Amino acid sequence: FAKEFPDRFFDVGIAEQHAVTFAAGLACRGLRPVVALYSTFMQRAYDNLLHDVCIQNLPVSFALDRGGLVGADGPTHHGVFDLSFMRHIPNLVLMAPRNEFELKRAMKTAVEFDGPFAYRYPRGNGEGLSLAQPVEVLPIGKGEILREGKDAAIIAVGTMVAEALTAADILSQQGIELLVADARFIKPLDSEMIIEIAGRVPLLLTGEENALQGGFGSAVLELLADNGLSLPVIRIGIPDHFVEQGTQAELRERIEIDAAAIVRRVCAALEQKNISQA
């Protein structure tokens, strides 16, 4: 981008706070700036995001790289807190696309949205999808059911959607049909979709590569409570400790947020449910 558009690119170094307030100034003058940061370093600019961008409801896009576990970069670089510390800020739309094509859609949606918009995406390669097809703007706050099922449902965001789909394939071989939905948005939630799913399955799971405290799963629990819905909910995400270094696959297995862990949690919960009903 810097080579193609030298007059539209500004590298402010590791001054994340300045980057966000600088973007707010550009937006005040009618531009549509995109702030590209690592998720973990967005923490440094929390005050600037809240006071300089979101209070004024300015059209600034935030492209947050290394959302989730980053592997070899170590514990300082895991982007596992952004969903929690950003989803409560008024005016801010927050999204976690599940693959590279959804990321393209997020980018287009963000720059055309008339307000603050943040999307986080992981370190590493995509799924190898074709990016040639036309990119359309996403409806704000709308998710998508990717696979139907009646025995349990998992609503996930970001990288956890692929893990959920793999888990559903494994469970299907055991005679368990798992509904898989991509919420897409952490804020605003697709309340209609989530409530509809919760009303037709005996067990609901949430999946996120983010701290469980205050994250996507917490948002779903709040929605269910606010609407008087009660059913077993299992939240899958990052536990309450700092994650050390390792490959992404190793870390997902170690903290039990991969497909195998989803399968184990579903089977154990359904078995317990059968026992309690006997």
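As the structure is a computational prediction, the values presented were derived from the model and not from experiment.

Undergrad: Would you take a moment to explain the layout of surface pockets for this structure?
TA: Here the idea is plain: a probe the size of a water molecule rolls over the atoms and shows the empty space left. Space inside the largest pocket adds up to approximately 920 Å³. Together, 26 residues line the largest pocket, and Phe9, Phe10, Val34, Val35 and Ala36 are the ones closest to its centre. Elements that contribute at least two residues to the lining of the largest pocket include exactly α1 (16-28), β1 (34-38) and β2 (61-65). Split into classes, the residues belonging to the lining of the largest pocket amount to 19 nonpolar, one polar and six charged. Volume-wise, the second largest pocket comes out at about 370 Å³. Those elements that provide at least two residues to the lining of the second largest pocket are α5 (100-112) and α6 (160-173). A breakdown of the residues in the lining of the second largest pocket according to their chemical character gives five nonpolar, six polar and six charged.

Undergrad: For this particular structure, what's the right way to read the sheet that holds strand β3 (residues 93-95)?
TA: Whenever strands of a sheet pair, they do so through backbone hydrogen bonds, lying parallel or antiparallel. In space, the five strands of this open sheet follow the order β1-β2-β4-β3-β8, with mixed pairing throughout. Both edges of this open sheet fall to β1 and β8 (185-187), since each of them pairs with a single strand only. The mean angle between the axes of side-by-side strands here comes to 20°, regardless of whether they run parallel or antiparallel. Here three bridges tie β3 to strand β4 (residues 117-120), and the two strands are oriented parallel to one another. Its bridge partner being in β4, valine 93 is matched across the sheet by phenylalanine 117. Sheet strands touched by α1: β1 and β2. Its angle to β1, the strand with the most contacts, is close to 165°.

Undergrad: Sorry, what's going on with the pairing of β4 here?
TA: On a regular strand, one side chain projects to one face of the sheet and the next to the other, so that they alternate. Residues Phe117 and Tyr119 of β4 are buried on one face, and the alternating residues Ala118 and Arg120, pointing to the opposite face, are buried as well. With four bridges connecting them, β2 and β4 associate as parallel partners. Within the sheet, the bridge partner assigned to alanine 63 lies in β4 and is tyrosine 119. Following the chain from β3 across α5 to the adjacent parallel β4, one finds a crossover that is right-handed.

Undergrad: Can you help me understand the nonpolar core in this one?
TA: Side chains of a nonpolar character, in soluble globular proteins, are inclined to be buried together. Membership of the largest hydrophobic core comes to 44 residues, with the highest contact counts inside it found for Met42, Phe62, Met86, Ile155, Ile197 and Leu204. Among residues more than four places away in sequence, those in contact with phenylalanine 62 are Val20, Val35, Met42, Leu49, Val53, Phe117, Ala118 and Tyr119. Val80, Ile154, Leu203 and Val243 belong to the second-largest nonpolar core, a separate cluster that totals 28 residues.

Undergrad: Can you help me understand the packing of aromatic side chains in this one?
TA: Counted under the stated rule, the structure contains 10 aromatic pairs. Centre to centre, the rings of tyrosine 46 and phenylalanine 85 are 6.2 Å apart; their planes meet at 75°, and the pair counts as edge-to-face. Here tyrosine 46, found in helix α3 (residues 46-54), pairs with phenylalanine 85, found in helix α4 (residues 82-86); they are 39 residues apart in sequence, far enough to count as distant. When its relative accessible area of 28% is taken as the criterion, tyrosine 46 is described as partly exposed. A relative accessible area of 14% places phenylalanine 85 in the buried class.

Undergrad: Just checking my understanding: could you explain the environment of arginine 66 for this structure?
TA: By secondary structure assignment, the location of arginine 66 is in the loop between β2 and α4. On the basis of relative accessibility, which here comes to 15%, the residue arginine 66 falls in the buried class. Of note is the side chain of arginine 66, whose polar atom sits 2.8 Å from the side chain of aspartate 65.

Undergrad: Looking at this model, I keep getting lost on a nonpolar patch on the surface. Mind explaining?
TA: On the surface, a cluster of nonpolar side chains totalling about 300 Å² of accessible area is made up of Phe1, Phe5 and Phe9. Turning to its location among the elements, phenylalanine 1 is positioned in the segment before α1.

Undergrad: What am I meant to see in the packing of helix α7 (residues 191-198) against helix α8 (residues 216-226) here?
TA: Packed helix pairs are specified by the crossing angle of their axes together with the interaxial distance, meaning the distance between the axes. Relative orientation of the contacting elements α7 and α8 amounts to 75°, with a least axis distance of 11 Å. The angle between the axes of α7 and α8 places the two elements in the roughly perpendicular class. Taking contact as the criterion, the partners of Ser191, Ile194, Ile195 and Ala198 in α7 are, on α8, Val220, Leu223 and Leu224. Among the residues forming the contact of α7 with α8, the class breakdown is six nonpolar, one polar and no charged.

Procedures and definitions
Residues numbered from 1 in each chain as written. Predicted model: local features only at pLDDT ≥ 70, side-chain atom pairs only at ≥ 80, totals over all residues. Heavy atoms only, no water. 1 Å grid on protein atoms, 1.4 Å probe; cavity = no way out; pocket = protein on both sides within 12 Å on 5 of 7 lines; lining within 4 Å. Points joined across faces, edges and corners; volume = space filled by probe spheres on them. Helix = DSSP H or I, 4+ residues; strand = E, 2+ residues; numbered from the N terminus. Nonpolar A, V, L, I, M, F, W, Y, C, P; charged D, E, K, R; others polar. Pairing = 2+ DSSP bridges. Axes fitted to C-alpha atoms, helices over the stretch in contact; angles between N-to-C directions. Contact = heavy atoms within 4.5 Å. Buried < 20%, exposed > 50% of the residue type's maximum accessible area, 1.4 Å probe, protein only. Right-handed = clockwise from strand over helix to strand, strands pointing away. Core = buried A, V, L, I, M, F, W, Y, C linked by side-chain atoms within 4.5 Å. Phe/Tyr/Trp six-rings, centres within 6.5 Å; stacked < 30°, edge-to-face > 60°. Polar contact = N/O pair within 3.5 Å; in protein donor to acceptor, adjacent residues only side chain to side chain. Patch = residues over 30% accessible without salt bridge, like charges linked within 9 Å, V, L, I, M, F, W, Y side chains within 5 Å. Areas by Shrake-Rupley, 256 points an atom, 1.4 Å probe, with all protein chains shown as cover. Salt bridge = Lys/Arg side-chain N within 4 Å of Asp/Glu carboxyl O. Parallel < 35°, antiparallel > 145°, perpendicular 65-115°, else oblique.

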